[in-house]
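Analysis of the macromolecular model
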Amino acid sequence: MPLRSLRSIIAGRPPVEAPSITTVVEAARLMKRENVGAVLVVDHARLIGIFTERDALFRVLADGRDPRTTRLADVMTPRPQTIHPDEPFVRALRMMHDGSFRHLPVVEFDRPLGVVSVRDALDEDLHELRIDIEQRETMGE
């Protein structure tokens, strides 16, 4: 795997953010609309937590909370681990593996710049796979 910087991975992908007073159902709709698995919870542009699809499942649904009234502040992961954008992606993967989580906020000067996930590890391989499939289909015609 080539050493890709996190800055290059998150380029053009601004973070999906919400204030802590956002309800879980509002956050879920935001995640669906933006096609992401995590929302960064911010207070005056500073990262204070992260809310993921797993949080929705384990901390809301499994605990019998009402997603229409439950606020992110009550079910988010506070003070999540973060990583600097100039770090290599492989370091982010190690942090996610060691911490048993799938989303890692990328932060610089206390400001969230984006989120990387384990899915980002597949992006280059999936691109190469698509090219290979297209080439095979073209050759087969």
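Refer to the structure above for everything that follows.
Structural notes, computed from the coordinates. In this text, all values refer to a predicted model and were calculated from it rather than measured experimentally.

Reading the values: the criteria
- Residues numbered from 1 in each chain as written.
- Predicted model: local features only at pLDDT ≥ 70, side-chain atom pairs only at ≥ 80, totals over all residues.
- Heavy atoms only, no water.
- Core = buried A, V, L, I, M, F, W, Y, C linked by side-chain atoms within 4.5 Å.
- Buried < 20%, exposed > 50% of the residue type's maximum accessible area, 1.4 Å probe, protein only.
- Helix = DSSP H or I, 4+ residues; strand = E, 2+ residues; numbered from the N terminus.
- Pairing = 2+ DSSP bridges.

Below, the discussion takes up the nonpolar core. Most often, soluble globular proteins have nonpolar side chains that are buried together. Of all hydrophobic cores here, the largest spans 13 residues; its most connected members are Val-24, Val-39, Phe-51 and Leu-72. Breaking this core down by element, the ones donating at least two residues are helix 2 (24–34), strand 2 (38–43) and helix 4 (72–75). Of the residues forming this core, the biggest block, four residues, is contributed by helix 2. Judged by nonpolar contacts, the second largest core, of twelve residues, contains Ile-10, Ile-83, Leu-104 and Val-116.

Quick look at the environment of Thr-69 now. If you trace the backbone, Thr-69 turns up in the loop between helix 3 (53–61) and helix 4. For Thr-69, a relative accessible area of 54% corresponds to the exposed category.

With that out of the way, let us pick up the pairing of strand 5 (residues 103–108). The buried count for strand 5 comes to six of six residues, which makes it a mostly enclosed element. Here strand 5 shows no split at all, with His-103, Pro-105 and Val-107 on one side and Leu-104, Val-106 and Glu-108 on the other all buried. Here strand 5 runs beside strand 6 (residues 111–117); their pairing, made up of six bridges, is antiparallel. Each bridged residue has a counterpart across the sheet, and for Val-106 the counterpart in strand 6 is Gly-114. Counting the residues that bridge the hairpin from strand 5 to strand 6 gives two residues, and of these Phe-109 lies at a positive phi of roughly 55°.

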